[in-house]
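Coordinates in review
Single-letter residue listing:
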Amino acid sequence: MHVPDGFLDAPTSVTTGVVAVAAVGVSLVKARNELDDKTAPMAGLVAAFIFAVQMINFPVASGTSGHLMGGALAAVLVGPWTGILCLSVVLLVQCLLFADGGITALGTNITLMGLATVVVGWLVFKGLQLVMPKRLSLTALQAGIGAFVSVPVAALLFVALYAMGGTADIPLDTLTTAMVGVHVLIGVGEGVITFLAVGAILAVRPDLVYGARPILERRQLEIRTSSTTGASA
Amino acid sequence: MGAGHGHQLHYHGHSPVHRVPAHLKILALLGFMIVVVATPRDWYPVFGVYLLLLAAVIGMSRVPPTYLLKRTVVEVPFVLFAVLLPFVATGPRTEVLGVTVSQHGLEAGVALLIKGTLGVLASLTLAATTEPQELLLGLERLRLPQQLVQIMAFMVRYLDVVTGEMRRMKVARESRGFSARNPRHWPVLARSAGALFIRSYERGERVHLAMLSRGYTGRMPRS
């Protein structure tokens, strides 16, 4: 759901533009800690993956379908800073090469769909990781909850921006109810699919999941003696 | 929400519009859209002038108008929103075709349609007349940070590879009789997404190693 040109007034667009530029600037510096000199190729491929995953349609009911936004998924898989970079590049490419989302609304789109979903998804994920038992099997669940929360929060942020610089006077309580209501539903889909996807990746290559690294590092090397040498001590 | 993205929008040609350096086109698009967005919403004749201006550029680019019009489908979700606006907005009421609607909502909806359509058409014109490689060079000339241009370059380079991989996975699923109809099929699709991530990430690692073995030190060679 990309915001088009002329949806929000100029001061709001400029403000979100400044926020987006600052966030991308900080992420460019911080992402080097997550990926060092691999940043360009890795972030580029992950951005291509996010773009592709947004094309997978998940059937909901009676012919309708939705797709993943991927903010929380990217944060858990490659880290929040790289995640912000990837989502921002995806939105930039969609704006310039696919005419999806207005060029004057690019800052708004990056703030809502790049920054807000990644940051909220990551904070919820990290918070749950701190309070829940440190088990690898819970990582996918935490990622799913993070993804679920990130979508309605981004919708609320959109309502807040609309209250500041909307171009039509829709009663705010109606807009809030509608936006949050719809996006809680979208968030359920986002959460379940993020949970399933992270679970699938953890089963095959747990080392690739950035959010699971603190747990993997706590693992002790376990040496099991083979049964052919008889009962071990 | 939003329509799925099709293949690249570029329309091959050698018109004057195709030949203009990409950074000027990006600046022109940005400038044009800022002016459009800043125009008060009831100056309808002025919007007509904008549309004529845009039509002149499209005419000069020799991109068939139908080619562009077909691709304005990305706008559909917001058309729906604009159509709903007159019914949900508050303020003085007015009557259109026997239906009572909000005057402000109607004006805002019409303005949103006009500005949004101008934006989509202008962006499509840029996308249709500019090769992705030129666009990257243009962004570099506009002083977008090197690192960001590089990430974007890798994304554009591998976009078709990754989406092609996804398409093959879809063909493989469907040739085994799978079709996604309801949420019970989500696990299969999510596992596909997971496999796609692992393949993309591992491809990224291979690309990085290949670059290192060719002397990559963190900067791209100038071409």
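Worth saying up front: this structure is predicted, and the values here are computed from it rather than measured.

1. Structural notes on the interface of chain A and chain B
At the junction of the two partners, chain A supplies 60 residues and chain B supplies 76 residues. At the level of secondary structure, the elements contributing two or more residues to the side of chain A that touches chain B comprise helix 1 (10–35), helix 2 (39–53), strand 1 (57–59), helix 4 (80–97) and helix 7 (172–204) of chain A. Looking at the side of chain A that touches chain B element by element, the count peaks at 14 residues for helix 2 of chain A. Looking at side-chain class alone, the side of chain A that touches chain B contains 46 nonpolar, 8 polar and 6 charged residues.

2. A word on unusual backbone geometry
Residue and element names in this part refer to chain B. Located in the positive-phi region is Arg62, a residue other than glycine, with phi close to 55°. Along the chain, the position of Arg62 falls in the loop between helix 3 (44–61) and helix 4 (65–70). Positive phi, close to 65°, is recorded for Arg143, a residue that is not glycine. Here Arg143 lies in the loop between helix 7 (132–141) and helix 8 (146–175). A count of 9 C-beta atoms within 10 Å places Arg143 in the exposed class.

3. A short note on the domain arrangement of chain B
Along its sequence, chain B is carved into domain 1 (16–137) and domain 2 (145–213). Spacing between the C-alpha centres of domain 1 of chain B and domain 2 of chain B amounts to 33 Å.

4. Things to note about helix 9 (residues 186–213) of chain B
When the terminal C-alpha atoms of helix 9 of chain B are compared, their 40 Å separation across 28 residues agrees well with the 40 Å that a helix rising 1.5 Å per residue should span. Residues Trp186, Leu189, Ala190, Ser192, Ala193, Gly194, Leu196, Phe197, Ser200, Gly204, Val207 and His208 of chain B constitute the buried set of helix 9 of chain B. The inward-facing, buried residues of helix 9 of chain B abut helix 2, strand 1, helix 3 (71–78) and helix 7 of chain A together with helix 8 of chain B. Positive backbone phi, approximately 90°, marks Gly215 of chain B, located one or two places after helix 9 of chain B.

5. Side note on the UniProt feature "transmembrane region" (unreviewed entry) in chain A
Under the feature "transmembrane region" (unreviewed entry), the UniProt entry names residues 7–28, 40–60, 72–99, 105–125, 137–164 and 184–204 of chain A. Here residues 184–204 of chain A runs as 100% helix and 0% strand, with 30 Å between its end C-alpha atoms.

6. A short note on the packing of helix 8 of chain B against helix 9 of chain B
All names here are of chain B. The interhelical angle for the contact between helix 8 and helix 9, taken along N-to-C directions, is 145°, at an axis separation of 11 Å. Here helix 8 and helix 9 pass one another in a crossing that is right-handed. Residue-level inspection shows Val162, Glu165, Met166, Met169 and Arg173 of helix 8 in contact with helix 9, the latter providing Val188, Ser192, Ala195, Leu196, Arg199 and Ser200. Partitioning the contact of helix 8 with helix 9 into residue classes produces 6 nonpolar, 2 polar and 3 charged.

7. Re the environment of Arg71 of chain B
Note that Arg71 of chain B resides in the loop between helix 4 and helix 5 (76–88). Note on Arg71 of chain B: 21 C-beta atoms within 10 Å, which makes it buried. Those residues in contact with Arg71 of chain B that lie beyond four places of it in its chain are Ala99 of chain A together with Leu9 and Leu124 of chain B.

8. Notes on the packing of helix 7 of chain A against helix 9 of chain B
Running from N to C, helix 7 of chain A and helix 9 of chain B cross one another at 50°; their axes reach a closest spacing of 8 Å. What the angle tells us is that helix 7 of chain A and helix 9 of chain B run oblique. Helix 7 of chain A and helix 9 of chain B meet at a crossing whose hand is right-handed. Along the contact surface, helix 7 of chain A presents Val192, Ile193, Leu196, Ala197, Ala200, Ile201 and Val204 of chain A, while helix 9 of chain B presents Trp186, Pro187, Ala190, Arg191, Ala193, Gly194, Phe197 and Ile198 of chain B. Of the residues in the contact of helix 7 of chain A with helix 9 of chain B, the class split is 13 nonpolar, 1 polar and 1 charged.

So, how was this worked out
Residues numbered from 1 in each chain as written. Chains lettered and ligands numbered in written order. Predicted model: local features only at pLDDT ≥ 70, side-chain atom pairs only at ≥ 80, totals over all residues. Contact = placed C-beta atoms within 7 Å. Helix = DSSP H or I, 4+ residues; strand = E, 2+ residues; numbered from the N terminus. Nonpolar A, V, L, I, M, F, W, Y, C, P; charged D, E, K, R; others polar. Buried ≥ 20, exposed ≤ 12 C-beta atoms within 10 Å, placed from the backbone. Domains from an automatic or database assignment. Expected span 1.5 Å × (residues − 1). UniProt positions renumbered as here; feature names shortened; annotations may be inferred. Axes fitted to C-alpha atoms, helices over the stretch in contact; angles between N-to-C directions. Left-handed = near helix turned anticlockwise from the far one by under 90°. Parallel < 35°, antiparallel > 145°, perpendicular 65-115°, else oblique.

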